[in-house]
Amino acid sequence: QVQLVESGGGWVQAGGSLNLSCAASGSIFRINTMRWDRQAPGKQRALVAGIASGGNVNYADSVKGRFTISRDNAKNMVYLQMNSLKEDDTGVYSCYADGLTMRRTQFNSWGQGTQVTVSS
């Protein structure tokens, strides 16, 4: 089984920064996509940033220029550097990964999420 654990969330004032980390562990042969979604209060979960195994990235329009997603394939980790945080960035940030297990079966997993609260 592949497990994801997020860390780095917390409370921050508007304009501040946070760096989220997500560690994947388990029977992993290869991780393809890793992504961060968030669920803001009263809204559905939506993509914030994603990164493919080769390094291609995509971002929600609302975070372009402020957030940076990166990954460390050797460590099976993905990061989300969040700068110039706004109140609208508040929400539960969840990490996602898909790929192949050591048995070459497909997996997709979500972490439990980490709360990010931005106050103005």
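A brief look at the structure comes next. Please read these numbers as outputs of a predicted model, since none were measured by experiment. (Residues numbered from 1 in each chain as written. Predicted model: local features only at pLDDT ≥ 70, side-chain atom pairs only at ≥ 80, totals over all residues. Heavy atoms only, no water.)

## Points about the overall build of the protein chain
(1) Moving on: In terms of helices and strands, the protein chain carries zero helices and eleven strands.
(2) Moving on: Scanning the protein chain from its N terminus toward the C terminus, one meets helices and strands in the order β-β-β-β-β-β-β-β-β-β-β.
(3) Moving on: The C-alpha atoms of the protein chain give a radius of gyration of 14 Å, which matches the 14 Å a tight globule of 120 residues would have.
(4) Moving on: Expressed along its principal axes, the backbone C-alpha trace of the protein chain runs to roughly 50 × 25 × 25 Å.
(5) Moving on: Across the 120 residues that make up the protein chain, the buried fraction comes to 44%. (Helix = DSSP H or I, 4+ residues; strand = E, 2+ residues; numbered from the N terminus. Rg over C-alpha atoms; globule rule 2.2 N^0.38 Å. Buried < 20%, exposed > 50% of the residue type's maximum accessible area, 1.4 Å probe, protein only.)

## Details of the sheet that holds strand β7 (residues 67–72)
Backbone hydrogen bonds hold the strands of a sheet together, and the pairing may be parallel or antiparallel.
(1) Moving on: The four strands lie next to each other as β1-β3-β8-β7, forming an open sheet whose pairing is antiparallel. Pairing within the sheet leaves two strands with one partner each, and these edge strands are β1 (2–7) and β7. Strand after strand, the sheet turns through a mean of 15° between neighbouring axes, direction not considered.
(2) Moving on: Here strand β3 (residues 18–26) runs beside strand β8 (residues 77–82); their pairing, made up of six bridges, is antiparallel. Directly across from Cys-22, in β8, lies its bridge partner Val-78. (Pairing = 2+ DSSP bridges. Axes fitted to C-alpha atoms, helices over the stretch in contact; angles between N-to-C directions.)

## A closer look at the layout of surface pockets
Over the atoms rolls a probe the size of a water molecule, and in doing so it shows where empty space is left.
(1) Moving on: Its boundaries defined by the atoms lining it, the largest pocket holds a volume of some 200 Å³.
(2) Moving on: For the largest pocket, the lining is made up of 14 residues, of which Arg-38, Ala-40, Lys-43, Asp-88 and Thr-90 are closest to its centre.
(3) Moving on: Of the residues forming the lining of the largest pocket, the biggest block, three residues, is contributed by strand β5 (residues 46–51). (1 Å grid on protein atoms, 1.4 Å probe; cavity = no way out; pocket = protein on both sides within 12 Å on 5 of 7 lines; lining within 4 Å. Points joined across faces, edges and corners; volume = space filled by probe spheres on them.)

## So, the side chain of Arg-71
(1) Moving on: On the secondary structure map, Arg-71 appears in strand β7.
(2) Moving on: Summary of buried charges: Arg-71 has no salt-bridge partner, and the nearest side chain of opposite charge, Asp-98, is 7.5 Å away.
(3) Moving on: Once you skip the residues sitting within four places of it in the chain, Arg-71 turns out to touch Ile-31, Asn-32, Thr-33, Met-34, Ile-51, Ala-52, Ser-53, Met-77 and Val-78. (Lys, Arg positive; Asp, Glu negative; His and termini not counted. Salt bridge = Lys/Arg side-chain N within 4 Å of Asp/Glu carboxyl O. Contact = heavy atoms within 4.5 Å.)

## Topic: the environment of Asn-73
(1) Moving on: Looking at where Asn-73 falls in the secondary structure, it is placed in the loop between β7 and β8.
(2) Moving on: Under the relative-accessibility criterion, Asn-73 is labelled partly exposed at 46%.
(3) Moving on: C-alpha separation for the pair Asn-73 and Ala-97, spaced 24 residues apart in sequence, amounts to 12 Å.
(4) Moving on: Within polar-contact distance, the side chain of Asn-73 engages the side chain of Arg-71 at 2.7 Å. (Polar contact = N/O pair within 3.5 Å; in protein donor to acceptor, adjacent residues only side chain to side chain.)

## Digging into the packing of aromatic side chains
(1) Moving on: Counted under the stated rule, the structure contains one aromatic pair.
(2) Moving on: One Lys or Arg, Arg-35, reaches over the ring of Tyr-96 and ends 5.6 Å from the middle of that ring.
(3) Moving on: The residue whose ring lies beneath Arg-45 is Trp-110, and the NZ or CZ to ring-centre distance is 3.7 Å. (Phe/Tyr/Trp six-rings, centres within 6.5 Å; stacked < 30°, edge-to-face > 60°. Lys NZ or Arg CZ within 6 Å of the ring centre and 35° of its normal.)

## Some details on the state of the cysteines
(1) Moving on: Applying the stated criterion across every chain, the model contains one disulfide.
(2) Moving on: Between the sulfur of Cys-22 and that of Cys-95 lies a disulfide, 2.1 Å long from S to S. Between Cys-22 and Cys-95 the disulfide shows an S-S torsion of about -85°. By sign, it is left-handed. In this pair, Cys-22 sits in strand β3 while Cys-95 sits in strand β9 (residues 91–101), placing the two residues 73 residues apart along the sequence. (Disulfide = S-S within 2.5 Å.)

Treat this as a map of the structure, not an account of what it does.
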